[in-house]
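Results of the structural survey
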Amino acid sequence: MSLSRNIFIGGLLCLIVVCAALISFVWTPYDITTMDIPNKLQTPSALHWFGTDHFGRDIFSMIMVGARTSLAVALVAVGIGMGLGVPLGLWAAARQGGWADELIMRGNDLIFAFPSLVIAILITAILGPGALNAILAIGIFNVPVFARLTRAGALPLWQRDFILAARVAGKSRALISIEHILPNVANLLIVQGTIQFSLGILAEAGLSYVGLGAQPPTPSWGRMLADAQTMVSFAPHLALIPGLAIISAVLGLNLLGDGLRDWLDPKIRVVRT
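Residues numbered from 1 in each chain as written. Predicted model: local features only at pLDDT ≥ 70, side-chain atom pairs only at ≥ 80, totals over all residues. Heavy atoms only, no water.

**Considerations on the overall build of the protein**
- The helix and strand inventory of the protein stands at 10 helices and zero strands.
- Written out in order from the N terminus, the α and β elements of the protein read α-α-α-α-α-α-α-α-α-α.
- Expressed as lengths along the three principal axes of its C-alpha atoms, the size of the protein is roughly 75 × 50 × 30 Å.
- Looking at the 273 residues of the protein, the share that counts as buried comes to 45%.
- Nonlocal contacts in the protein, meaning residues at least 24 apart in sequence, comprise 67% of its contacts between residues at least 6 apart.
- On the protein, roughly 13,900 Å² of surface is accessible, and the fraction owed to carbon and sulfur atoms is 70%.
- Taking the average place of the 17 positive charges on the side chains of the protein and the average place of its 14 negative ones, the gap between the two points comes to 10 Å. (Helix = DSSP H or I, 4+ residues; strand = E, 2+ residues; numbered from the N terminus. Buried < 20%, exposed > 50% of the residue type's maximum accessible area, 1.4 Å probe, protein only. Contact = heavy atoms within 4.5 Å. Areas by Shrake-Rupley, 256 points an atom, 1.4 Å probe, with all protein chains shown as cover. Lys, Arg positive; Asp, Glu negative; His and termini not counted. Charge placed at Lys NZ, Arg CZ, Asp CG, Glu CD.)

This is the structure in structure tokens:
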């Protein structure tokens, strides 16, 4: 698939999800907190575009609000990962071979030694279910990802002539990291951010599926899948629609990330031209 097609399709899918989430703040076709038992388990129709669930709630409205929940959790979790991981990675690269580098990398190895979803479940089980604890659990595992990536991208730069010139000019390692290293690894961080964003949506859905994410009455795509698992045989749309919403969001972010990687990578750009 070409670069422009990746960015176009990925951006379009992401735009749809983001627009649904933003519009849900001011309008939804139906009130998601209102139950309409006589009209439960309706199939998609002109009145209810995506049908209704086992409580008679409009699924289209719940998908819109669920998009808001998923995006908020994933966005804040990625923000935590970048906010902590990038400075740690820059610090480790600036002190390569020192105690700070060793301490940061061994801490990353310790976190990576455990399955992320299992530890996320453990954290939310200890702190209690809820969107905030899900954000914390997902954010913790984004920290070593960004720390490792930042360090790997920064290490070769410390041997470049323009960095040596900055050191000769008397700039501190911290100032060099901010002014020269960070802008040169920003493209890596942007691409990885889109990937972690998609993984954050999946993680939030997984935590909500097992009851440790966003709690009722707040809709969540993962919670909708959990509620639908016993009704798939006679109401498949209950599982199909939130499943497609998750797939669309993750696919859009992955395609967008691939397109941005190809666009921002100077080596690929030179070959393409």
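**Quick notes on the state of the cysteines**
- This model, assessed by the stated rule, comprises zero disulfides.
- Here C14 stays unpaired: no disulfide links it, and the sulfur of C19, its closest cysteine neighbor, is 11 Å away.
- Since its relative accessible area comes to 14%, C14 is described here as buried. (Disulfide = S-S within 2.5 Å.)

**Digging into the nonpolar core**
- Judged by nonpolar contacts, the single largest core of 45 residues is most densely connected at I63, W158, I181, F197, I201 and W221.
- Breaking this core down by element, the ones donating at least two residues are α1 (3-23), α2 (59-94), α5 (131-154), α6 (161-168), α7 (173-209), α8 (221-228) and α9 (237-264).
- Residue contacts for I63: discarding those within four places in its chain leaves F50, W221, M224, I241, P242 and A245.
- Judged by nonpolar contacts, the second largest core, of 10 residues, contains A77, I123, A134 and I135. (Core = buried A, V, L, I, M, F, W, Y, C linked by side-chain atoms within 4.5 Å.)

Treat this as a map of the structure, not an account of what it does.
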